[in-house]
Amino acid sequence: MASPVRSKSMATVRVKRFNPDSDAKPYMQEFQVPNLQGTTLLDALHRIKHEQDGSLTFRRSCRHAICGSCAMNVNGRNILVCKTPLQGQLDRKGVVTIKPLPYLPIIKDLVVDRSTFWNEYLRVKPWLVPPATSPEREFRMSPEEVAALHNAETCIMCGACYSACQVVALNKKYIGPHALLKSFLRVLDPRDTIPGERLAEVGTDEGVFRCHTIFNCIDACPKNLNPTQAIETLRRLAQKRTAFEAARVERQRTIAGPLAAEPTPGAEGGVRHVP
Amino acid sequence: MSNSETIVHDVIVVGAGLAGTWAALVCGRRGVKDVGVISKVHPLRSHSGAAQGGIAAALSNVRAVAGTGPRGPLEAVPPGSEPADSWESHMFDTIKGSDWLGDQDSIEIMVKDAIDIVYEYEHMGCVFSRLTDGRIAQRRFGGHSAPRANYAADWTGHVLLHTIHEQALRHGVKFYSEWYAKGLIVEDGICRGIVAMDILTGELHTLRAKAVLFGTGGYGRAYEITSNAHANTGDGVAIAYEAGVPLMDMEFVQFHPTGLYKHGILMSEACRGEGGYLLNSRGERFMRQYASDKMELAPRDLVSRSEQTEINQGRGIGPDGKGIHLDLRHLGRERILERLPQVRDLSIDFVGVDPIDGLVPIQPTAHYSMGGIPTDKDGQVIMDASGTPLVGFFSAGECACVSVHGANRLGTNSLLDASVFGRRAGEAMAQRVLDGARLEPVSGDPTEGHRREIQNMLERGGDESAETIAGELKATMTENCGIFRNAQGLKKALKAVRALQVRFKDARVMDKSRRFNTDLLGALETRHLLTFSEVIIAGALAREESRGAHWRTDFPQRDDQNWLKHTLAVKRADGEGPKLSFKSVFIDWQRYPPQVRKY
């Protein structure tokens, strides 16, 4: 299938192939694609699929790093192929190697089964449990309280961290960095009423105390988030759970009313989002 | 394919973006316990999550500093002062934005419900950006006369989608991830369910329900340059049309003024809402010529047309002169990092420009479909101009047409439309079930025809791929049915699409396997593109006027005398193209009579 000729204007894409219905085991296949300026890895995969082998199978949708479909293992690293230029991934021989996310069962070619990933997401109750009564208008949150959530709210659930995590690889009971990050989002949210229950769930040997702080999740995250830091925070809070719960109850006494800080005139109320 | 299984739910929702998930959540909350949502991608991959700038609602948290004009500084509304904004103002802006083609009774519902639904999102956990006193932050958006875009930095859609999905899970909604709707089951004027494929196994199943909702999103993928996800192929509208449902106002396709050059990836309108400029190759803020008051904050149809005019007259940027510059530099580093972090990353990743110190090359990009499956105000799908319902079939969001956007949608009104009418449709479906609707019987095996069709696609031996055909379609639609249109080009496009439909009958599918066959899916999607594109062109050819996003160079005026009406397109029984008819627009002639539309 692959052409042995390798020129600078062409790139060689090595892809791991596997259809469990018809292949005894996974194998590598090489394709040649034009190495044009601005070509992303996703463009290269599309080109192969549309022009050479329609059976090459991968997930993608938004193609701009917000839907989380296209995390794959490229040259040994988990990345989103949609936002990664082909050129920067080629070795000196003009070759890039694309494999499915590691440690997850392969459904077909680059498509993996994320069942355990989503099960752990469900396990941490990803939804907010707000106070029983809602105010007529919004719950009040300070820009600082919002900024504290920034590290988690932009998680796109792509699975890059999860499948880069050595602990996940060795221990299928580990909740995993993505779900712990989601738990962090809820625990830190002043509107949530069950932070104690959440901390009890994640403050175990299957949760935050299982993390070995290897930092693979940080390296893998395409949104530059820091699950390790979130896990550290949860660890700390899990150890003073009762005090944290009490502080939350106290905070919620006034959450329907204005914060002490008055808006700064002419400064759009001092919107701040990024810490 | 023998292991076909019949699945039964009270309610089945197709599409897991904001509209579909709202509908499912409401059913769950109302006590309809058996709700199934199918989605061809994992629900959190839905394209609602790509929306950036905000969701409109007149909360009156922020106002313009008095006397500073439509682009001046903003300030928080001090406690105890008069409201700075109103649903009435939001309503007028939406009507004017729609070029008076939006139905004003539906618009009134949307803008009133807006306030409550934003608070509901907040109560459910959405992490909105905030003012220092804890209220939700608001910014300006094009065509809105007040700062009423409620936002979470520039990832508003992402936080709304995740929040609503989480709450749907909390209420026991069952999601079928990576299932592909294949057909609608309608017998004797009653919708009884759908046929869908489990993508993992390739198996077709009959799914029966007392109510079905399509929230299947838009169809920008009919164009070469689009902000839309690969998944946005208009499956829902094509399936409905094939089942005999009319499509309304399909000729109105919105081009967003700021897609990244050559990519089409969205650079949020918040860029201009925060104060960004548009510059031509001479470095001029050309919007001065086209919208002297609102400038860059004119509505999208007008800004895209202005850009295209600059480009056509030789004042574009880039190697082919088909781009425009977006200038954010004067906003300053801090503001860009705080308010526009995602678009900054996109610009760096895809065009190699950091907006903090560089000019971002952009171009108009196919973005939003104003038309779609016609519904009443509760998401009930209607079959004709008099509102005859297709019992049991509902629709909401971009694939539907209520119509609140008319000929042109305002930014931040799409998240709102999907949310408000998804929620309302959910209420209506829940009511139908709780009122004791029957599970209607289905005759024969509804999967049979679809199975044969797929078998035929897998077996036929043409040497042209569906993707080649899709590529030609996109080129034709872009050239002849884009921002500027005329009879000659549209006739050419119609002929081309019909020829492509014929060629498609021989298109090959290379992947012959059943498991996760994305090659087959791509071919089915291409068929859908070919189906609804013909309807877009037919509507555009018939509508001999210029209104909102539909601009005919051979009929450059709005013609209220003849064309203040919706287009309905029904598939002819002989399969020969759509049959067009018309539906009146709901206008409150006392309060909001048509006016000259100027910005």
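That block above? That's the structure.
Just so we're clear, the structure is a prediction, and the values are computed from it rather than from any experiment.

Asker: Could you clarify how one ought to interpret the overall build of chain A in this entry?
Answerer: The helix and strand tally for chain A stands at 10 helices and seven strands. Overall, the C-alpha framework of chain A stretches about 70 × 50 × 30 Å when taken along its three principal axes. Sorting the 275 residues of chain A into buried and exposed places 58% on the buried side. Within chain A, contacts between residues at least 6 apart in sequence are counted, and of these 68% link residues at least 24 apart. Carbon and sulfur atoms make up 52% of the accessible area of chain A, which totals about 11,600 Å². Treating the 38 positive side-chain charges of chain A as one cloud and the 27 negative ones as another, the clouds have centres 6 Å apart.

Asker: What's the story with the interface of chain B and chain A in this structure? I'm lost.
Answerer: The figure often quoted for interface size is the accessible area lost as the parts come together. The interface is formed by 70 residues belonging to chain B together with 79 residues belonging to chain A. Counting each side, the surface lost to burial between chain B and chain A is near 6,200 Å², with a carbon and sulfur contribution of 53%. A per-residue breakdown of the area chain B buries against chain A is headed by Arg45, Thr132 and Arg515 of chain B, which together make up 13% of the total. Here chain B and chain A share eight salt bridges between them. Salt-bridge contacts for Arg140 of chain A lead to Asp133 of chain B; the nearest nitrogen and oxygen are separated by 3.9 Å. When contributions to the side of chain B that touches chain A are tallied by element, the ones reaching two or more residues are strand 6 (74-76), helix 3 (104-124), helix 4 (156-170), helix 9 (333-339), helix 10 (341-351) and helix 15 (518-542) of chain B.

Asker: Could you clarify how one ought to interpret the pairing of strand 17 (residues 324-327) of chain B in this entry?
Answerer: The side chains of a regular strand alternate, first on one face of the sheet and then on the other. All names here are of chain B. Residues Ile324 and Leu326 of strand 17 are buried on one face, and the alternating residues His325 and Asp327, pointing to the opposite face, are buried as well. Relative to strand 17, strand 16 (residues 277-279) runs antiparallel, the two sharing three bridges. Of the residues in strand 17, the one forming a bridge with Tyr277 is Asp327. Pairing geometry for strand 17 and strand 18 (residues 360-369), over three bridges, is antiparallel. Its bridge partner lying in strand 18, Ile324 is registered against Ile362.

Asker: Would you mind showing me how to read the packing of aromatic side chains here?
Answerer: Aromatic ring pairs are described here by two measures, namely the spacing of the ring centres and the angle between the planes. The full count for this structure, using the stated rule, is 12 aromatic pairs over all chains. Look at Phe92 of chain B and Trp100 of chain B: their rings are 6.3 Å apart centre to centre, the planes differ by 70°, and that puts the pair in the edge-to-face class. Ring plane angle 70° and centroid distance 5.0 Å describe the contact between Tyr176 of chain B and Trp179 of chain B, whose orientation is recorded as edge-to-face. Each residue in the set Phe117, Trp118, Tyr121 and Tyr162 of chain A is aromatic and connected to the rest through ring pairs, giving one cluster. The ring of Trp87 of chain B is capped by Lys112 of chain B, whose NZ or CZ atom sits 4.6 Å from the centre of that ring. When the ring centre of Phe582 of chain B is taken as reference, the NZ or CZ atom of Lys565 of chain B above it lies at 4.3 Å.

Cut-offs used in this document
Residues numbered from 1 in each chain as written. Chains lettered and ligands numbered in written order. Predicted model: local features only at pLDDT ≥ 70, side-chain atom pairs only at ≥ 80, totals over all residues. Heavy atoms only, no water. Helix = DSSP H or I, 4+ residues; strand = E, 2+ residues; numbered from the N terminus. Buried < 20%, exposed > 50% of the residue type's maximum accessible area, 1.4 Å probe, protein only. Contact = heavy atoms within 4.5 Å. Areas by Shrake-Rupley, 256 points an atom, 1.4 Å probe, with all protein chains shown as cover. Lys, Arg positive; Asp, Glu negative; His and termini not counted. Charge placed at Lys NZ, Arg CZ, Asp CG, Glu CD. Buried area = accessible area lost by both parts, 1.4 Å probe. Salt bridge = Lys/Arg side-chain N within 4 Å of Asp/Glu carboxyl O. Pairing = 2+ DSSP bridges. Phe/Tyr/Trp six-rings, centres within 6.5 Å; stacked < 30°, edge-to-face > 60°. Lys NZ or Arg CZ within 6 Å of the ring centre and 35° of its normal.

Geometry only, nothing functional implied.
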